[in-house]
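# Residue-level structural notes
Residues per chain are reported as follows:
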Protein chains: 2
Amino acid sequence: MKVIESIAEMRQLRQQLREPVGFVPTMGYLHKGHMSLVRQARNENKSVVVSIFVNPTQFGPKEDFKGYPRDTQRDLAMLEAVTDIVFMPSVAEMYPEGFDSRVEVGEITGRLEGASRPGHFRGVTTVVAKLFNIVQPTKAYFGQKDAQQAVIIKKMAADLDMNLEVVTCPTVREPDGLAMSSRNTYLNPEERRAAAVIYGSLKLAQERWSEGERNADRIRKEMTELIEKEPLADIDYISIADAESLEELDRVEPPALVSMAVRIGKTRLIDNMVLE
Amino acid sequence: MKVIESIAEMRQLRQQLREPVGFVPTMGYLHKGHMSLVRQARNENKSVVVSIFVNPTQFGPKEDFKGYPRDTQRDLAMLEAVTDIVFMPSVAEMYPEGFDSRVEVGEITGRLEGASRPGHFRGVTTVVAKLFNIVQPTKAYFGQKDAQQAVIIKKMAADLDMNLEVVTCPTVREPDGLAMSSRNTYLNPEERRAAAVIYGSLKLAQERWSEGERNADRIRKEMTELIEKEPLADIDYISIADAESLEELDRVEPPALVSMAVRIGKTRLIDNMVLE
């Protein structure tokens, strides 16, 4: 496994990789969710590149860029056996002085996470476009946990004719259902217990859907009531939307994306489930 | 020479081209300026791809998209001997329903042409990014005639780590100095004669620079006075700017870009010269 910090060197080594090349972009502090992406990349390709880059431009001014958890040594140890190249550029390498370009997707970036985090997806699409151009993967892997991000990256790749396949991989969960996230590390034990209500509300939606409920408002209302019973939880949004356009639905038609952002104490967590 | 209309087919044929691949994106209605780009691409590469696409998104609502001159048969005849692939997609192929992404460069796109034509460069950078992704050239060729466009494309390619070299080629001129442009066809004989004042004013700037004049205002003023003597000419802007940042200069420091947009009758023409 080679650990590369320079774009020029990454490009050069890319030429020597066996095709096809799978790519997993991450912000590090890896968990089982990331590793499931890396394993899928490993299974489907001859070479695997993983990037670790905590991208400042996708954090809002009041968000947790500085405090975002980092542990490079542990990350590299986890990747060692399954990765050919770890690309780990500095912020100055990715955004040299005078950097002034961006890649943006339109309407779908204004909804859900985009409504709560203005500018977030512009940061994501710009850095992912750069990483795609540097790594030139055959396939790139994203987690369903960040459902809107995956939809937006697919849209960007299709609209801009990027020459790769974007693959979405299932969310990996803790035994109580909490979706794996680097931000779970922010939770104290009491908050960690409370956070299970998020998955609980998604299971509730799934149940109602299976029972034949098609009224989105009624499902949203039941989810809201369940979460509001948890004193440590504070709902940012609960959405039942078309899984591609991300437009809110009145009547639930598959595939529908049930997604949410909930604060547990000070930690903002997101999760989702697709009704099919 | 193959003439391709579909993105999928272009991608497929791309795999069979001998490296390196030179690419000349055009809006068709080819003239000697375009052909000088194609010839340079031919000289520097094993394969040459030329695109012909009148890109609607770079025209303003009151601009000449519909009337923009087109003559595909003549274009193909001119390219026949020197081109491997002509990529000629339809608008629907490039912008299918629901298309909603864009590539943008920041500050330098707001100046000069960008100030006069809001949204123009967003249309240019987005379509050029798409074409680069489809054609995947080793080198792409742009004319110095569209100086700001060339600077912006270079900036986009550098900022977004596009894996190609952007080459700028010298402006090709008519015997009286008028820069070759597809829009010259709009000029009636009287306007055509009057249009020579544009190059005349650039030569004047060059002369003053050679004589040691370093005060940008004085050079702009002399250029303005010369053009105002021509009754058919109407100045949109005259700029003396840093050749890279495109910031207006008080004191001329090389390399400085002297550039201008002038209406001759109803036809808006641009031209420029670099003082080095």
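What follows deals with the sheet that holds strand β3 (residues 47-52) of chain B. Residue and element names in this part refer to chain B. Ordered in space as β1-β4-β3-β2-β6-β7, the six strands form an open sheet in which the pairing is parallel. The sheet terminates laterally at β1 (2-4) and β7 (165-169), the two strands that pair on one side only. Between one strand axis and the next, the sheet turns by 25° as a mean value, whatever way the strands run. Pairing analysis gives three bridges linking β1 to strand β4 (residues 85-87), with the strands arranged parallel. Within β4, the position partnered with V3 by the bridge is V86. Strands in contact with helix α6 (residues 120-135) are β2 (21-26), β3, β4 and β6 (139-143); relative to β2, the strand with the most contacts, it is inclined by about 150°.

Let us look at unusual backbone geometry. For the bond from E19(A) to P20(A), the omega torsion is -5°, close enough to zero to count as cis. For the bond from P254(B) to P255(B), the omega torsion is -5°, close enough to zero to count as cis. Relative to the helices and strands, P255(B) resides in the loop between β8 (233-242) and β9 (256-264). The backbone of Y29(A) shows a phi angle near 50°, a positive value even though the residue is not glycine. Examined against the element boundaries, Y29(A) turns out to sit in the loop between β2 (21-26) and α2 (32-44).

It is common to give the size of an interface as the accessible area lost on bringing the parts into contact. Residue and element names in this part refer to chain A. Taken domain by domain, chain A holds domain 1 (2-169) and domain 2 (182-271). One C-alpha centre belongs to domain 1, the other to domain 2; they are set 26 Å apart. Listed per partner, the contact involves 21 residues of domain 1 and 18 residues of domain 2. When the buried surface of domain 1 facing domain 2 is broken down by residue, R111, L112 and E113 rank first, second and third, together holding 33% of it. Our enumeration of links across domain 1 and domain 2 arrives at two salt bridges. For the salt bridge of R268 with E113, the shortest nitrogen-to-oxygen distance reads 2.8 Å. The interface formed by domain 1 and domain 2 includes eight residue pairs in polar contact (both at pLDDT 80 or more). Looking at the side of domain 1 that touches domain 2, the elements with two or more residues in it are α5 (113-116) and α7 (147-159). At three residues, α7 tops the list of elements feeding residues into the side of domain 1 that touches domain 2. Residue composition of the side of domain 1 that touches domain 2, grouped by class: eight nonpolar, seven polar and six charged.

A word on the interface of chain B and chain A. Tallying the contact residues gives 26 residues for chain B and 26 residues for chain A. Across the chain B-chain A interface, the total number found is four salt bridges. For the pair chain B and chain A, the interface holds 22 residue pairs in polar contact (both at pLDDT 80 or more). When residues of the side of chain B that touches chain A are traced back to their parent elements, those giving at least two are α1 (7-14), β5 (101-105), α6 and α7 (147-159) of chain B.

Right, let's get into the nonpolar core. Membership of the largest hydrophobic core comes to 91 residues, with the highest contact counts inside it found for M94(A), F132(A), M156(A), M94(B), F132(B) and M156(B). The contact partners of F132(A), leaving out residues within four places of it in the chain, are F23(A), P137(A), A140(A), F142(A), I153(A), M156(A), M162(A) and L164(A).

Turning to the relation of the copies chain B and chain A, a few remarks are in order. The two copies are related by a screw operation: chain B maps onto chain A through 180° of rotation and 0.0 Å of translation along the axis, at an RMSD of 0.0 Å. The transformation relating the two chain copies, once decomposed into turn and shift, fits a two-fold axis. Residue V103(B) of chain B places its C-alpha closer to the rotation axis than any other residue of that unit, at 2.2 Å. By residue overlap, the copies meet face to face through one surface: 100% of the interface positions of chain B are interface positions in chain A.

For the rest of this paragraph, the subject is helix α9 (residues 196-210) of chain A. Residues and elements named next belong to chain A. Compared with the 21 Å implied by 1.5 Å per residue over 15 residues, the 21 Å span of α9 between its first and last C-alpha is a close match. Burial in α9 covers these residues: V197, I198, Y199, S201, L202, L204, A205, R208 and W209. Those residues of α9 that are buried lie in contact with α8 (189-194), α10 (216-228), β8 (233-242), β9 (256-264) and β10 (267-275).

With that out of the way, let us pick up the environment of L187(B). By the secondary structure assignment, L187(B) is in the loop between β7 and α8 (189-194). In the structure, L187(B) is positioned 77 residues away from G110(B) in sequence and 28 Å away in space, judged by C-alpha atoms.

Turning our attention to the pairing of β5(B). Here β5(B) lies mainly inside the structure; four of its five residues are buried. Bridge count for strand β5 (residues 101-105) of chain A against β5(B) is five bridges, and the pairing is antiparallel. The partner of S101(A) across the bridge, within β5(B), is V105(B).

Reading guide: rules and limits
- Residues numbered from 1 in each chain as written.
- Chains lettered and ligands numbered in written order.
- Predicted model: local features only at pLDDT ≥ 70, side-chain atom pairs only at ≥ 80, totals over all residues.
- Heavy atoms only, no water.
- Pairing = 2+ DSSP bridges.
- Helix = DSSP H or I, 4+ residues; strand = E, 2+ residues; numbered from the N terminus.
- Axes fitted to C-alpha atoms, helices over the stretch in contact; angles between N-to-C directions.
- Contact = heavy atoms within 4.5 Å.
- Domains from an automatic or database assignment.
- Buried area = accessible area lost by both parts, 1.4 Å probe.
- Salt bridge = Lys/Arg side-chain N within 4 Å of Asp/Glu carboxyl O.
- Polar contact = N/O pair within 3.5 Å; in protein donor to acceptor, adjacent residues only side chain to side chain.
- Nonpolar A, V, L, I, M, F, W, Y, C, P; charged D, E, K, R; others polar.
- Core = buried A, V, L, I, M, F, W, Y, C linked by side-chain atoms within 4.5 Å.
- Buried < 20%, exposed > 50% of the residue type's maximum accessible area, 1.4 Å probe, protein only.
- Least-squares fit on C-alpha atoms with pLDDT ≥ 70 in both.
- Expected span 1.5 Å × (residues − 1).

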